[in-house]
Every structure is written in structure tokens, then in C-alpha cells.
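Report on the structure
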Amino acid sequence: MRYKAGDPLPGLVKEPVARVQLVRYAGASGDFNPIHFDDEAARSRGLGGVIAHGMLSMGFLGQFVEAAFGPGATRKLEVNFRGMVKLGDVVTCRGRVTEVREAGGRSLAVCEVEAVNPEGAVVTQGVAEAWMG
Amino acid sequence: MPLDPAVLKREFPEFELRVERGKIREYALVLGLQDPVHTDPEAARAAGYPDVVAPPTFVRQFWHENPDNDPMPHLGYDPKRRLHGEQEFEYLKPLVAGMVLRGRNAIVFHEEKAGKRGGKMTFVVIETRFADEKGELVQVARRTLIETAAPPKVEG
């Protein structure tokens, strides 16, 4: 895929986050913090109910960058966790190329990326770098 | 609670991680990855990889594998005030099933700041370097772990 500075990346809209998905993510990742699958535990920590693992939304951003540039093209993914994803939330990933750099005879796209919840709030935001060709 | 200076100086042992097809598949399915290079060895080979390719956040699972290898449980953070603030991955070589990586964790940054409403916030960055059998770097992960400031104690 070839992009130039300023180009938007194709958006990615995920399926609503399901409890069974959070249980499976806990198993896949080894993060068994009960706030991600047990409402009682989440409420005891001042949350309205279970919330998704931050790393799940980073995983969605990883998929988004991979879909835009191809598997194996990602050079770097760097995010900060700003908000929570709740059960049933549809997470949308979006981003754009901010700069194209030449490095070692190859083109590297530097991109702003973000994952947004249904209210439009940015939950995870960061920078991705990916090789083009 | 201020960080124990001994933890900041401590060396954490190297650990081994075997990258398995089944674990890659489990990750790919829960994230909803569509590309068959993660689940189908034939598709991966057709794309030029020796085996199925690990998704970008795959190495994250090894944080929990053995607490002796990881500084996180030794920071003394209050679990109620602990936040995963930032995460970074650098990808230097493809990560595919069948690889055996050597990983090592180190604290590479530490800072304490006054909280907005009193108390103290602590920032720690843990870097994990993963190398392949030849000793070449495959991925570098950096985790920023924050302990938010405790609310100031009310006198009396």
C-alpha cells in the first residue's frame, strides 16, 4: 500500500465488545484482573460494570494498521490509554498518515491512530509507523 | 509509597518464550483478525513467512508468565491506584510460530511527581527486549506504569 502525508487510513469498525470476548482475551493474554469479566469486582473499584482490557483496544489498533499496510509492515505502535471501553461498545479505529520518511532505501509512513468509543471519545491514541513496500 | 531503590537497580533474569501456533490462533480469533497469515500456515508460507505470524500485541502475554522475571509486581504499587498509562512496541524482525525468544525486562525510566490534589504520582517504564536464537533483536516492548497520587489524609 502506498500513502502520502495527509492521507486517511481505511477505517476499521469492530463488533460490539462481548463479555465472552473479554474472558477469552483474559485467557489469551494472561490478564485475569476480574474488573474485565466480573461486574461485582468492577463495581467495588468504582466502575459501572466490567470494562475491556486496554490492551484489547491496542490489539484493535494493531489490526487496523496491519489492514492498512499489510501484515509484517508495522515498524512501531505506541499508544496511551485515555478512556474506557465498556461492554457492548463498538470501537472504531481511524488514523491518517502525517509524514513519509525515507529510511535505508525504504519508505516509512508515520501515522496518527486512535480508537474511539460510541460516544466519540478517544479511548486509545498514539502513533504507528509502517513500511510501504 | 516511594519505590524501593533496590528494585530500580535489580537485574531481572532472562526468560524463554516459545511462540506457538495455537497461542497465535487464540489471539487472532479473540481480536477478530481477518488475515489468514495468523491462522493458516499455508497462507503464511504463500506470503513469504515460514509459519503463522503473531499479531502485533502478541508478546504482551509474557508479562504474566513468571513474576520473578517482571519488575511490575515488585514496584509496590497500590493495585487500586495502578494504571497502565502507555504502551509501545517496536518490530524489528517478523515473529512467527516455532521461534524461541529470549526476553529480559528492565526498568529504564522512573519519576515521581506531585499529584494535582496532593500526594505523589509515580511513573515507571519497563522495557522488555526479545531476541531470537541468533541473539538478534525481534521486538522491544515498553510499558509505562503509573501509580496515581493517594488522596491526602484528612486530619482528625
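Just so it is clear, the model here is predicted, and its values are computed rather than measured.

**With respect to helix H1 (residues 19-29) of chain A**
All names here are of chain A. Turning to H1, its buried residues number three or more, namely Gln21, Leu22, Tyr25, Ala26, Ala28 and Ser29. Seen end-on, H1 carries its buried residues on one side only, within an arc spanning 165 degrees. After H1 finishes, the residue glycine 30 shows a positive phi value of roughly 85 degrees.

**A look at the packing of aromatic side chains**
All names here are of chain B. Overall, the coordinates contain 5 aromatic pairs over all chains when judged by the stated rule. Arranged with centres 6.2 Å apart and planes meeting at 25 degrees, the rings of phenylalanine 89 and tyrosine 91 form a pair that is stacked. One exposure class covers both phenylalanine 89 and tyrosine 91, and it is buried. Here the guanidinium or amino end of lysine 113 rests over the ring plane of phenylalanine 123, the centre of that ring lying 4.8 Å away.

**Digging into the confidence of the model for chain B**
Residue and element names in this part refer to chain B. Summarising the model, chain B shows a mean pLDDT of 90, and 94% of its residues fall at 70 or more. Ranking the elements of chain B by mean pLDDT puts helix H1 (residues 5-9) last, at 85, and helix H3 (residues 41-46) first, at 97. Reported confidence for the predicted complex is 0.94 by ipTM and 0.93 by pTM.

**Thoughts on the interface of chain B and chain A**
Chain B puts 30 residues into the contact, and the matching count from chain A is 28 residues. In this assembly, chain B packs against chain A so that about 2500 Å² is buried in total across both faces, 55% of it on carbon and sulfur atoms. When the area that chain B buries against chain A is broken down by residue, the three leading residues are Val30, Leu31 and Tyr91 of chain B, summing to 24%. There are 3 salt bridges connecting chain B and chain A. In this structure, arginine 60 of chain B and aspartate 31 of chain A form a salt bridge, with 3.3 Å as the shortest nitrogen-oxygen distance. Across the chain B-chain A interface, the total number found is 16 residue pairs in polar contact (both at pLDDT 80 or more). Of all the secondary structure elements, the ones that give two or more residues to the side of chain B that touches chain A are helix H2 (21-31) and strand E2 (82-91) of chain B. The biggest single contributor to the side of chain B that touches chain A is E2 of chain B, with 8 residues. Along the lines of polarity and charge, the residues of the side of chain B that touches chain A split into 13 nonpolar, 9 polar and 8 charged.

**Considerations on the nonpolar core**
Counting residues in each nonpolar core, the largest one holds 67 residues, and the members touching the most others are Phe69 of chain A together with Leu95 of chain B. The greatest single-element share of this core, amounting to 9 residues, is contributed by helix H3 (residues 54-69) of chain A. Look past the residues within four positions of phenylalanine 69 of chain A in its chain and what remains in contact with it is Met1, Tyr3, Leu9, Ala109, Cys111, Ala130, Trp131 and Met132 of chain A.

**As for the pattern of salt bridges**
For the structure on display, the rule yields 26 salt bridges over all chains. Residue glutamate 26 of chain B is joined to lysine 23 of chain B by a salt bridge in which the shortest nitrogen-to-oxygen separation is 3.3 Å. Placement of the pair is glutamate 26 of chain B and lysine 23 of chain B together in helix H2, with a separation of 3 residues, close to one helical turn. When the shortest N-O distance is used, the salt bridge between glutamate 90 of chain B and arginine 142 of chain B registers 3.0 Å. Here glutamate 90 of chain B is found in strand E2, whereas its partner arginine 142 of chain B is found in strand E5 (residues 137-147), with 52 residues between them in sequence. As far as burial versus exposure is concerned, glutamate 90 of chain B and arginine 142 of chain B are alike and both buried. By sharing partners, the salt bridges in this structure join Arg75, Lys76 and Glu78 of chain A together with Glu88, Glu90, Glu127, Arg129 and Arg142 of chain B into a single network.

Reading guide: rules and limits
- Residues numbered from 1 in each chain as written.
- Chains lettered and ligands numbered in written order.
- Predicted model: local features only at pLDDT ≥ 70, side-chain atom pairs only at ≥ 80, totals over all residues.
- Heavy atoms only, no water.
- Buried < 20%, exposed > 50% of the residue type's maximum accessible area, 1.4 Å probe, protein only.
- Helix = DSSP H or I, 4+ residues; strand = E, 2+ residues; numbered from the N terminus.
- Arc of directions from axis to C-beta.
- Phe/Tyr/Trp six-rings, centres within 6.5 Å; stacked < 30°, edge-to-face > 60°.
- Lys NZ or Arg CZ within 6 Å of the ring centre and 35° of its normal.
- pLDDT = per-residue confidence, 0-100.
- Contact = heavy atoms within 4.5 Å.
- Buried area = accessible area lost by both parts, 1.4 Å probe.
- Salt bridge = Lys/Arg side-chain N within 4 Å of Asp/Glu carboxyl O.
- Polar contact = N/O pair within 3.5 Å; in protein donor to acceptor, adjacent residues only side chain to side chain.
- Nonpolar A, V, L, I, M, F, W, Y, C, P; charged D, E, K, R; others polar.
- Core = buried A, V, L, I, M, F, W, Y, C linked by side-chain atoms within 4.5 Å.

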